[in-house]
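What the coordinates show
Here's the letter readout for the chains.
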Amino acid sequence: MAEDAILGYLATHDEISDSGIFASQHGLQHNDVVNVIKSLHGFRYIDAEDIKRESWVLTDEGKKYAAEGSPEVQLFLAVPPEGSISKDELQKKLDPSVFKIGCSQAGKNKWVDMGKQVSRKVQHVEDKVKDLLIRIQDGQELRKEDLTSLKARKLIVAQTWKGYSVRKGPNYAPNRKKVATDLTRENLQKGDWKDLEFKEYNFNAKGPPAEAGHVHPLLKVKQQFRNIFVQMGFEEMPTNNYVESSFWNFDALFQPQQHPARDSHDTFFLEAPSTTKQLPEDYVELVKNVHKDGGYGSRGYNYDWKREEADKNLLRTHTTAVSTRMLYALAKESFAPKRYFSIDRVFRNESVDRTHLAEFHQIEGLVCDRGLTLGDLIGVLDDFFSRLGMSKLKFKPAYNPYTEPSMEIFSYHEGLGKWVEIGNSGMFRPEMLLPMGFPEDVCVIAWGLSLERPTMILNGIDNIRDLFGHKVDLSLIKRNPICRIGL
Ligand SMILES: N[C@@H](Cc1ccccc1)C(=O)O
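Notes on the structure in this doc start here. Every value quoted in this text rests on a predicted model; they were computed, and no experiment measured them. (Residues numbered from 1 in each chain as written. Predicted model: local features only at pLDDT ≥ 70, side-chain atom pairs only at ≥ 80, totals over all residues. Heavy atoms only, no water.)

Overview of the packing of helix 11 (residues 217-231) against helix 18 (residues 452-459)
Their axes nearest at 10 Å, the elements helix 11 and helix 18 cross at an angle of 110°. Considering the angle they form, helix 11 stands roughly perpendicular to helix 18. On helix 18, the residues that touch Pro 217, Leu 218, Val 221, Gln 224 and Phe 225 of helix 11 are Glu 452, Pro 454, Thr 455, Leu 458 and Asn 459. Residues that form the contact of helix 11 with helix 18 fall into these classes: six nonpolar, three polar and one charged. (Axes fitted to C-alpha atoms, helices over the stretch in contact; angles between N-to-C directions. Helix = DSSP H or I, 4+ residues; strand = E, 2+ residues; numbered from the N terminus. Parallel < 35°, antiparallel > 145°, perpendicular 65-115°, else oblique. Contact = heavy atoms within 4.5 Å. Nonpolar A, V, L, I, M, F, W, Y, C, P; charged D, E, K, R; others polar.)

Here it is in structure tokens:
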């Protein structure tokens, strides 16, 4: 509207001399007119020059007197027309500031006699100050000396008014050409892109301000787990790389090479580089022997262990590969009890559905000490999960190639009214620990769970794709302000 008015006016006039007057003549808001002027000026439709005017506005005190009368008149009216009033009486009738200012101004004006008793010297007064203030409110011009006295009494302040004078610019046209902001499929199909004028990028434009910091629920829950581990005296393990060799992911864990998990149906193998460059040769030899022939009181698997299988690179399928490397390093030092945890990404060649993704996060904890028992494992798990608010636990015997005994962990889900599997656990086998070089009486209890599952339960999410990956529900992130991460 303002744009049509400005361009239309310039079609028949040389100049808009004052944007403020133009706005009020055309029934427009001056702000809108200014915005349009800036935009048209940017595209050189018009030339614009700043104009400034000083104007006067009432201070809060000034506004009060314009409404209620000046203090001197309020004081005068409080003095009886005949006789007198004691100063104390008079003070009680007025506001403290009105009394103070009123006394001095009315005294100066010679309206009243000020002593212990106050009496009128004149019968009528005019409230000149109030009249002047009202005239300023109405936008009228005042004499210089009146302005000076109101300013001295801090009843008015100067305000600079800014506006523009406007003339036609080099690109002037009575209507602004519509500039395209996007190149659409239709533009390409119709071929009209050739005639389109595109809006230039504004690299100085600022994006909408973020309302607050937000954190992804997975990160938040990850931090909660971290806090629990740290409270229980666990140290975080370095989580290494996503690419791992089959050796560290499987062989070192006494997982036989024919195990179905080592199939490409279950595991992502790397094409390039397809094999690892380096393995600790002495240790590889010990691992090979325990698979083939056993030892350390074990009969082994009695199969033809192949180095090529161990060399194959893959995307690690569990964070137990992280624990394995850590334990191997630990076994080289003189023994001291340890508690470790890791939370990081793992990959499995699974078909993706509401509850499964091909990549997810695992949380893994382990305790390494002399003479640990299954009771210690159950006790640690009980402590760990009750800190998460899951105090009803059930354990079910299970099988893992690297743990014996092994237990699946179930928790009673009040909302669903049933037991749900929340993790897997066990005591690492001697076939895994002894080739690393641990003393025979050292035991390692360990457990692992997914990060996504408790996050989904805690956030009431029933489709994992809303939580993780390229289809993530962004409003979910917005509902998780960063201040609650508890860092
Ligand atoms: N690695 C197991 C979890 C686990 C960790 C440690 C001990 C036992 C089990 C899994 O991926 O499910």
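A word on the site of the ligand
In the vicinity of the ligand, 14 residues are found, and the nearest of them are His 318, Thr 320, Arg 348, Gln 362 and Tyr 402. Arg 348 is positioned with one of its side-chain polar atoms (N or O) 2.9 Å from an oxygen atom of the ligand. Within the side chain of Gln 362, one N or O atom sits 2.9 Å away from an oxygen atom of the ligand. Protein coverage of the free-state accessible area of the ligand, which is 320 Å², stands at 91%. When residues of the shell around the ligand are traced back to their parent elements, those giving at least two are strand 11 (359-370), strand 14 (418-428) and strand 15 (442-450). In terms of residue class, the shell around the ligand is made up of three nonpolar, nine polar and two charged. (Near = heavy atom within 4 Å. Polar contact = N/O pair within 3.5 Å; in protein donor to acceptor, adjacent residues only side chain to side chain. Areas by Shrake-Rupley, 256 points an atom, 1.4 Å probe, with all protein chains shown as cover.)

Notes on the packing of helix 1 (residues 2-12) against helix 3 (residues 30-42)
Relative orientation of the contacting elements helix 1 and helix 3 amounts to 65°, with a least axis distance of 9 Å. Viewed along their axes, helix 1 and helix 3 form a crossing whose handedness is right-handed. Along its contact with helix 1, which presents Ala 2, Glu 3, Ile 6 and Leu 7, the element helix 3 presents Asp 32, Val 33, Val 36, Ile 37 and Leu 40. Of the residues belonging to the contact of helix 1 with helix 3, the class tally is seven nonpolar, no polar and two charged. (Left-handed = near helix turned anticlockwise from the far one by under 90°.)

Considering the sheet that holds strand 2 (residues 46-58)
Strand order in this open sheet of three strands is 1-6-2, and the pairing throughout is antiparallel. Every interior strand has two partners, whereas the edge strands, strand 1 (15-16) and strand 2, have only one. As defined by bridge partners, strand 1 adjoins strand 6 (residues 156-168) across two bridges and the pair is classed as antiparallel. Across the sheet, Glu 15 pairs through a bridge with Arg 167, a residue of strand 6. (Pairing = 2+ DSSP bridges.)

Section: the environment of Val 221
Mapped onto the fold, Val 221 is located in helix 11. Each C-alpha atom, one on Val 221 and one on Met 456, is 10.0 Å from the other, the two residues being 235 residues apart in sequence. Not counting residues up to four positions away in its chain, the partners in contact with Val 221 are Leu 451, Thr 455 and Leu 458.

Thoughts on the sheet that holds strand 10 (residues 338-347)
The strand order across the open sheet formed by seven strands is 7-10-11-15-14-13-12, and the pairing between neighbours is mixed. Of all strands in the sheet, those bounded by a partner on one side alone are strand 7 (235-236) and strand 12 (393-400). Bridging between strand 13 (residues 403-413) and strand 14 involves nine bridges; their strand directions are antiparallel. Pairing of Phe 410 across the sheet is with Glu 421, part of strand 14. Contacting strand 7, strand 10, strand 11 and strand 15, helix 11 crosses the sheet at an angle of about 165° to strand 10.

Description of the packing of aromatic side chains
Going through the model one piece at a time under the given rule, you end up with 22 aromatic pairs. Ring plane angle 5° and centroid distance 4.5 Å describe the contact between Phe 229 and Phe 341, whose orientation is recorded as stacked. In this pair, Phe 229 is assigned in helix 11 and Phe 341 in strand 10, connecting sequence segments 112 residues apart. With a relative accessible area of 0%, Phe 229 lands in the buried category. By relative accessible area, Phe 341 is classed as buried at 1%. Summarising the aromatic geometry, the rings of Tyr 402 and Phe 428 are spaced 6.3 Å apart at their centres and angled 50° between planes, so their arrangement reads as tilted. Placement of Tyr 402 in the loop between strand 12 and strand 13 and of Phe 428 in strand 14 is noted, with a sequence separation of 26 residues between them. Linked through ring pairs, Phe 225, Phe 229, Phe 234, Phe 341, Phe 384, Phe 385 and Trp 447 together constitute an aromatic cluster. Seen from the ring of Trp 161, Arg 53 lies directly overhead, with NZ or CZ sitting 4.1 Å from the centre. For the cation-ring pair, Lys 168 lies above Tyr 172, with the distance from its terminal atom to the ring centre recorded as 5.2 Å. (Phe/Tyr/Trp six-rings, centres within 6.5 Å; stacked < 30°, edge-to-face > 60°. Buried < 20%, exposed > 50% of the residue type's maximum accessible area, 1.4 Å probe, protein only. Lys NZ or Arg CZ within 6 Å of the ring centre and 35° of its normal.)

Observations regarding the pairing of strand 11
Among the twelve residues that make up strand 11, nine are buried, leaving the element largely enclosed by the rest of the structure. Examined bridge by bridge, strand 10 and strand 11 share ten bridges and lie antiparallel to one another. Among the inter-strand pairings, Ser 342 is bridged to a residue of strand 11, identified as Glu 364. Relative to strand 15, strand 11 runs antiparallel, the two sharing nine bridges. By the bridge assignment, Gln 362 is partnered in strand 15 with Ser 450.

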